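Fold and contact review
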Amino acid sequence: MTDPLPNVHVRAEILTQALPHMQRYDQEIVVIKYGGHAMGDPAAAEDFAEDIVLLEQSGLKPIVVHGGGPQIGKMLARLGIESEFRGGLRVTDEATVEVVEMVLAGSINKQIVGWIAAEGGRAIGLCGKDGNMVRAKRAMRTIKDPDSNIEQAIDLGLVGEPEHVERGVLDAVLKAELIPVLAPVAYGEDGKTYNVNADTFAGAIAGALRAKRLLLLTDVPGVLDKDKNLIQELSVEDCRRLIADGTITGGMIPKVETCIYALEQGVEAVVILNGKVAHAALLELFTDFGAGTLIRRT
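In this text, all values refer to a predicted model and were calculated from it rather than measured experimentally.

Let us now look at the UniProt feature "site: Transition state stabilizer" (unreviewed entry) in the protein chain. Mapped onto the present numbering, the UniProt feature "site: Transition state stabilizer" (unreviewed entry) falls on Lys33 and Lys255. Across 223 residues, the annotated set stays spatially compact, with a maximum C-alpha separation of 11.1 Å. Its location among the elements puts Lys33 in strand β1 (residues 29-34). Setting aside chain neighbours within four positions, we find Lys33 in contact with Val65, Ala198, Asp199, Ala202, Leu215, Leu216, Leu217 and Lys255. Here Asp199 takes part through its side chain, which lies 3.2 Å from a polar atom of the side chain of Lys33. Relative to the assigned elements, Lys255 resides in helix α8 (residues 252-264). With relative accessibility at 14%, the residue Lys255 sits in the buried group. With residues up to four places along the chain from it excluded, the contact list for Lys255 reads Lys33, Asp199, Leu216, Thr218 and Ile272.

Here's what the structure looks like:
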């Protein structure tokens, strides 16, 4: 019979190595953005829920913000609602925003709450409209005209950007030792519902609560250099330089800009990491190795 003790001792050693990290984050707020692509794998979703419950049980105050772009696209197709795109971005009209709210604040939000409950945690699903938590303003984007090369403003409809975060609701939820699970749907002063990018929403929440960490779980390892190698640590100045020289491109640009915004609002550090890696949040927070690209102010 194989002696199980050596394996048990290895596990105990791993736990003791996690102790200083647990002490560092004790009673600290950590905002974790869970991407629509990262949540596609049931096994990974179970790992994520286990991580969230373990973080809360270890003394942290996790707040989950989730996306759902792929799921929204599937539901729109199922309902026969065609999307208009301008400059590669989806225009959100009245019909589309109804589906966005249904999918994000409804099915996905409650699914994540259920995953956390299945692992023994106590979560509550909310969106930015609840308790007037997040007020949004209409987002405007510009694209370059291919003929004149002149920047032109485009109207994306009911796509919003966070304008104000009222933290009272979240403070009450955290005080009750519940785990907030937030859908990035917000209200505007015009009374309309706005679809907000989940990264931007998470950055606004983290900034308003002066979170210790903001984790952006995506489907990529982190920020890559021009040779496609992971960059383990960056400063805000580094980020701006890499955007300017074309190293950071495409969809990574708004993610990094969200990181810069959160840091400027008082978040200590931000990490972009692959949410498909098993227990990515635990690896980042409770080990010496990290699991993505760490971004600090300096």
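Attention now goes to the packing of helix α7 (residues 236-244) against α8. Relative placement of two packed helices is described by the angle separating their axes and the distance separating the axes. Direction vectors running N to C along α7 and α8 enclose 155°, while the axes themselves pass 11 Å from each other. With respect to each other, α7 and α8 are oriented roughly antiparallel. Pair α7 / α8 crosses with left-handed handedness. Facing α7, whose interface residues are Val236, Cys239, Arg240 and Ile243, α8 presents Ile253, Val256, Glu257, Ile260, Leu263 and Glu264. When its residues are assigned to classes, the contact of α7 with α8 shows seven nonpolar, no polar and three charged.

Backbone geometry places Arg210, a non-glycine residue, at a positive phi of 50°. In this structure, Arg210 sits in the loop between α6 (198-208) and β11 (213-218). The residue Lys228 is not glycine, and still its phi comes out positive at about 70°. Judged by relative accessible area, which is 65%, Lys228 ranks as exposed.

Thresholds, definitions, all that
Residues numbered from 1 in each chain as written. Predicted model: local features only at pLDDT ≥ 70, side-chain atom pairs only at ≥ 80, totals over all residues. Heavy atoms only, no water. UniProt positions renumbered as here; feature names shortened; annotations may be inferred. Helix = DSSP H or I, 4+ residues; strand = E, 2+ residues; numbered from the N terminus. Contact = heavy atoms within 4.5 Å. Polar contact = N/O pair within 3.5 Å; in protein donor to acceptor, adjacent residues only side chain to side chain. Buried < 20%, exposed > 50% of the residue type's maximum accessible area, 1.4 Å probe, protein only. Axes fitted to C-alpha atoms, helices over the stretch in contact; angles between N-to-C directions. Parallel < 35°, antiparallel > 145°, perpendicular 65-115°, else oblique. Left-handed = near helix turned anticlockwise from the far one by under 90°. Nonpolar A, V, L, I, M, F, W, Y, C, P; charged D, E, K, R; others polar.

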